[in-house]
Structures are given as C-alpha cells and as structure tokens.
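A structural walkthrough
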Amino acid sequence: MDIQTWTFLIVGLSFALYIGIAIWSRAASTKEFYVAGGGVSPLANGLATAADWMSAASFLGMAGIIAFSGYDGSVYLMGWTGGYVLLALLLAPYLRKFGKFTVPDFIGDRYYSNVARTVAVIAALFVSFTYVAGQMRGVGVVFSRFLDVDVNTGVYIGMGVVFFYAFLGGMKGITYTQVAQYCVLIFAFMVPAIFISIMATGNPIPQLGFGATGEDGVYVLDKLDGLMTELGFTAYTDGTKSTIDMFFITAALMLGTAGLPHVIIRFFTVPKVSDARKSAGYALFFIAILYTTAPAIAVFARTNLMETVQNTRYGTIPSWFKKWEDTGLIAWTDKNSDGKIQYLPGAALEGKKPEFIEFRGDSGERMISNYSKTNKNELYVDRDITVLANPEIAGLPNWVIALVAAGGLAAALSTAAGLLLVISTSISHDLIKKQIAPKISDREELWIARGSAFLAVIVAGYFGIYPPGFVASVVALAFGLAASSFFPAIVMGIFSKRMNREGAIAGMIAGLTITCYYIARFKLGWIGKPETGGTKYWWWGISPEGFGTVGMLINFMVALLVSRFFDAPPKEVQHIVEDIRIPSGAGKATEH
Amino acid sequence: MDTSNRKKYWHKNLQYLAILLFIWFLVSYGFGILWVDELNTIRLGGFKLGFWFAQQGAIYVFVILIFVYVRLMNRLDKKYKVND
C-alpha cells in the first residue's frame, strides 16, 4: 500500500477511536463536564495530562529545534519538564484539596474578590486563545502535508473532531480521548526513533544511543561536534546563548508550565489529594519518555544531514532531499556554481521562508529569489523536517510514515481540546455562573458550557485559518503571562496566610503589564522605535522568552509590598488556607 | 487535628519542599546551566557531563523527585492521620 492509503487508514481509525470514546463518555452534569466527575484514576490522569501537554510543537517541532540549536535547545527540555516538579510540590495537591472547578475559582475565593477572579479569567482566556490558535494551525499543517488537502480544509476537519468530543463529553470525554491520544503519539514518536538509533549505533534505546559510538568507533556527539566546528559552526554541545539568558528562559518556561490553566485544571479530576501528587509524577514520567528521546533524534538527524549533504553533488543527493524540496521545506541555491551543496553557518535566506520562482537552476534545483548574498551558506532546511523526514531517511516502511501523521494529529488535537475546555469553563462557570447569573440550574449551566465550547471552537478555527501575526510569539507570550500572573498568585495563596486581596491583584497586574510591555516592545515591535528593539537593548540581556521570570519576580515583590499596607484576609479565608494544607477530607471536586 | 500538630505537619512538609527544590535547582540551573562548562570537562561515556545533565539527567532527576515526594508525603500523612 502506498503512503497515502496507509495515512488515510491509520488517521481514519484513530479518529473513529476518539469519536467512539466521546460517545461512550458523555457528560451528564457540570461536574462531569468540568472535572470528569472527579473520578479519574491517577494513572489515566497522568496519561491525559501528558497528551494535553505535548502539542503539535512538541511532537513535530521539538527535536528540530534542538537539532538546529544544540545545547541551547536544553532550555525547552528542562523548562517544559521542570515545571511539573513545581506543580507536584507547590500547586497540585493544594488546589485539589481546595476542590473547585477552575483556576479563577481559586483566585476569586482565596482573594475574596470578583476583581481578582476577573483578572484571572482574562489572563486564562488570553493564554488559552494564543495557545490554541497554534494548535489548530498545526492540525491544518499536518493534514496538508500528509493527506494532500488544503491547510484550511484540515483546520475544518480538526475543528469538527475536537468539537464533537469536547461538546459531548467535556472534561470526561477529553480525558479518555487524551489517554488514547497519548498512546498513539508516543508509539508514533518512538518507533522511528528506535529504528534510527539502531541504525546509527546498534543501541535500541535512543537515550543511550546518542552517547554511544557509531560504526567508525567514534562517539556520535564527538563526531557531530567535529563536523560542525570544522565548518565554522559552534560545537553542538556548546551554546551560543548567554548564561543569564539560558537561566531566565528555562525559569520562565518552568514557571509558565506550572501556571498554565489547562495543565492545572487536570489535577482537579482525580479523587484524592495523594492522587494529585501521584498523577503529576505519572504525567512527568510519560512526558519524559518523549522529551528524553527528542535530543537523541536531534543528534542523529543533524549528523545525518551534515554527512549526507555536505559537498554532495545535487544530482546524486538521496530522493528524500528532492521530495522535501518540492514541499518547500528544503531550498538550495548554488551560490558558488560548483553544482555541490555547501551547508555553512549563517542564514541561507533573507526572511523566514524560501520564495520559489518558476525556474530550475543548472543542476535542476528549484530556484529561490530571496537567498542571502552576505554569506556562503547555500542550504535552507525547515526545522520541522527533523521528525517528518526521519522515517524516510531511515528507510522505514510506509505504515510508519502514516503513523507519524496520526501522532502529530493526536498531539495537536489533544492539546487543542484541553485548551478549549478551559475557555468554555471560563465563560460558563467563572463569568456567567459566578458573576452574571448565579441562579441558573446545573442543567442550564451545562448547556451554556456546551455553547461556549462551540463558540471557542469557532474562534480557535478562525485563528487557525487566519493566524494573527503574533502566533509566532505564542510560546513567549503564553508562558510569560502564565508565569507572571497565575504562578505567584496561586503560590502565595497557599503558602502565605497574610497575602490579601489588594496585594494579589496589584501583583498580578504589575506582573502582566511589565511582561506584556516587554514582549510588545522586543518581540512584536508594537511599542517603541524599531531601531531600539534589537538584542543589545534587552534589559540585562534577557530575551522576551525569558522575561516571564522577571514578571514573576515583580509580581511577588509588588504583592508582598502592597499587602503590608492593607488588612490581613478575613478569618474564613485564613481557614481556607489552613484547610487546603491538610489532605484529609478532600472529597470530590464540588462547587460549594 | 490540633493546632500544634498542624504546625508540625506543615513544617515538615516545608522542610521536604526545601530539600527537594534545592536538588531540583541544583541539577537543572546548577549542573545544566551555571556550571555547565566546568562539568563538560568530565565525561560520561560519549556525553560531556554538563550537556548530559541539561538534555537528559535533569529530566530523570525531576521524575525521581516527584515520586520521592509522593512517598515522603504519604508516610507523613499517615503519621499525622491526615491521609485521605
């Protein structure tokens, strides 16, 4: 069977599975819709959290980012796993004991203030919308690459599937489909990785393989370092980022992870406080399987690329090179007209994507108009190719390639669904039930929740089809905002009995404002003169990706300072704090 | 549960947190970032040690830390009879 048929078959089967699960796990009450009835086992919740967490970007993009940034890529590996330690130790058990449905619920009750609740709702909506736009786009891209359909059609299909199970099952439907999606995505990620590790080093465990020796008896990493330095690149195992920037980016990603509402909300679904701790452990274990494999794939892919293309005549290049050139993910310009590919430091293009023209060059390559004339690098490679092209480069059977498509879709859909649930819950529960119309019945609230899910899917789909300019900065934005708003507010709500409404609100607003300002100034270029938006104007050399950490520190400082000038929280709030510190009597997540 | 026991329980919890978060900080920010160059002079098979911590070791330690915390807290909960 050819790749196309296999892909339709495997993707079709996986979608049928998700929809089947959705029908089996319909939600009958708001409690089931918001927190799956509070009866999810820690193991199932760990699997679901892992799928929720790992997005299209983790699945398709992560190995590529590391392959092309080497040691610098460690910020993502440590940042997106270390946050779970903070979650397990500082947030999850206490929020589970608190036993409500959402993060704004906690902020609103703990700080006895609807203003605080509203700030939290706005932050939750903002973080979730920026994040979900990228996911819907990811669904579209996977469809277009593997199934030859238009990107927009892919977005529509993705919207349809997500809508079906989010609308019917809410958190309950999402949880059990995510369990299935984790299995699909991890299988799809590991099979090619294991094959490639065996081919490169004879070791079937990729985590060990990239520290082993290749056929020539040289350590894989030493060989790659050698190949790279020889051509003038920085050695793979050495970084180019400054230590302070590495530090702040890692911290912002960790703190952001621990503050993302769609991750936190997952810990409301388990029956007990001890289960919340345990399921954070399971979640990180399942995430770590992918995150420790990605750097191995990165090394093998980078080595393979360097060895295959360097000084190779275009006419004799393997067929995968031309195939990905046809899709626009690879572009080559023969700058020195020797008919051979030179892959050297420096950007091969002006701008981000190659602009192809109608003509073919002397060697038969697709010609581009925007090649860079200031360096000798002839080759542009899209980072996403690392995972996408792996099975082909390793010569794996067609069904494995189809599996990668199903895995990418599972990763994108599971994350999108988790985010859509946060959005619909924020609207139906935090805004309508808690503030606008407290008298509505459970049944009515359930239908409002479904209606909000419908709206959220439409908006997310719209962003997927017409991605706003800031989607590229989504990571910096979503993590920076979560780190500078939720994380400090929740931690102080648990660990300080003295923290009051005034302090928390002032802290959140200060943290959000300064982080938004910095990102708007240095990442988006919306504020200030463009000529002062460059790297050398960064404060203390911290990049916008890492600035969430500064926002977090400012949030803490402002909150602690302001809280001194106002009364301690009322007695019943101090009792809440006393109470959430003790696990016993958690009961299932309830509304009151 | 009386107030003094509550205090003792919470204090012990904070102590565990301090120790575990210290290790969390050490393996990632310490070994993986701040002292990465020094550690890179030591080798672990084909890996430079600092690089290994940044891309593998820190993640393994994170997983272990959470499960250690789970065990410690389950024991502490039982001792103070606050397990759920």
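1. What to know about the overall build of chain B
Helix and strand counts for chain B come out as three helices and two strands. The linear arrangement of helices and strands in chain B, starting from the amino end, is α-α-β-β-α. In terms of principal-axis extent, the alpha carbons of chain B reach across some 55 × 20 × 15 Å. Looking at the 84 residues of chain B, the share that counts as buried comes to 37%.

2. Looking at the interface of chain B and chain A
Contact residues are listed per partner, giving 35 residues for chain B and 42 residues for chain A. At the level of elements, α1 (3–34), β2 (47–48) and α3 (49–79) of chain B are the ones that each hand at least two residues to the side of chain B that touches chain A. In terms of residues, the side of chain B that touches chain A owes the most to one element, α3 of chain B, which gives 16 residues. Residues of the side of chain B that touches chain A, tallied by class, amount to 23 nonpolar, eight polar and four charged.

3. Brief notes about the confidence of the model for chain B
Residues and elements named next belong to chain B. Here chain B averages 93 in pLDDT, while 100% of its residues score no lower than 70. Model confidence for chain B, summarised as mean pLDDT per element, is weakest for strand β1 (residues 43–44) at 88 and strongest for α3 at 95. The complex model carries a pTM of 0.92, and its ipTM stands at 0.96.

4. Describing the pairing of strand β2 (residues 356–360) of chain A
The two faces of a sheet get side chains in turn, since along a regular strand they alternate between them. All names here are of chain A. In terms of burial, β2 is a largely surface element, zero of the five residues being buried. Sheet topology places β2 next to strand β3 (residues 366–368); two bridges connect them, and they run antiparallel. If you follow F356 over to β3, its bridge partner there is I368. Adjacent in sequence and paired antiparallel, β2 and β3 are bridged by five residues, among which G364 carries a positive phi angle near 100°.

5. Details of the nonpolar core
By size, the foremost hydrophobic cluster in this structure holds 230 residues, and its most contacted members are L185 and L420 of chain A together with F62 and I66 of chain B. Counting residues per element, this core draws most heavily on helix α17 (residues 398–436) of chain A, which supplies 21 residues. What L185 of chain A contacts, discounting residues up to four positions off in sequence, is A51, M54, F59, G407, A410 and A411 of chain A.

Reading guide: rules and limits
Residues numbered from 1 in each chain as written. Chains lettered and ligands numbered in written order. Predicted model: local features only at pLDDT ≥ 70, side-chain atom pairs only at ≥ 80, totals over all residues. Helix = DSSP H or I, 4+ residues; strand = E, 2+ residues; numbered from the N terminus. Buried ≥ 20, exposed ≤ 12 C-beta atoms within 10 Å, placed from the backbone. Contact = placed C-beta atoms within 7 Å. Nonpolar A, V, L, I, M, F, W, Y, C, P; charged D, E, K, R; others polar. pLDDT = per-residue confidence, 0-100. Pairing = 2+ DSSP bridges. Core = buried A, V, L, I, M, F, W, Y, C linked by C-beta atoms within 7 Å.

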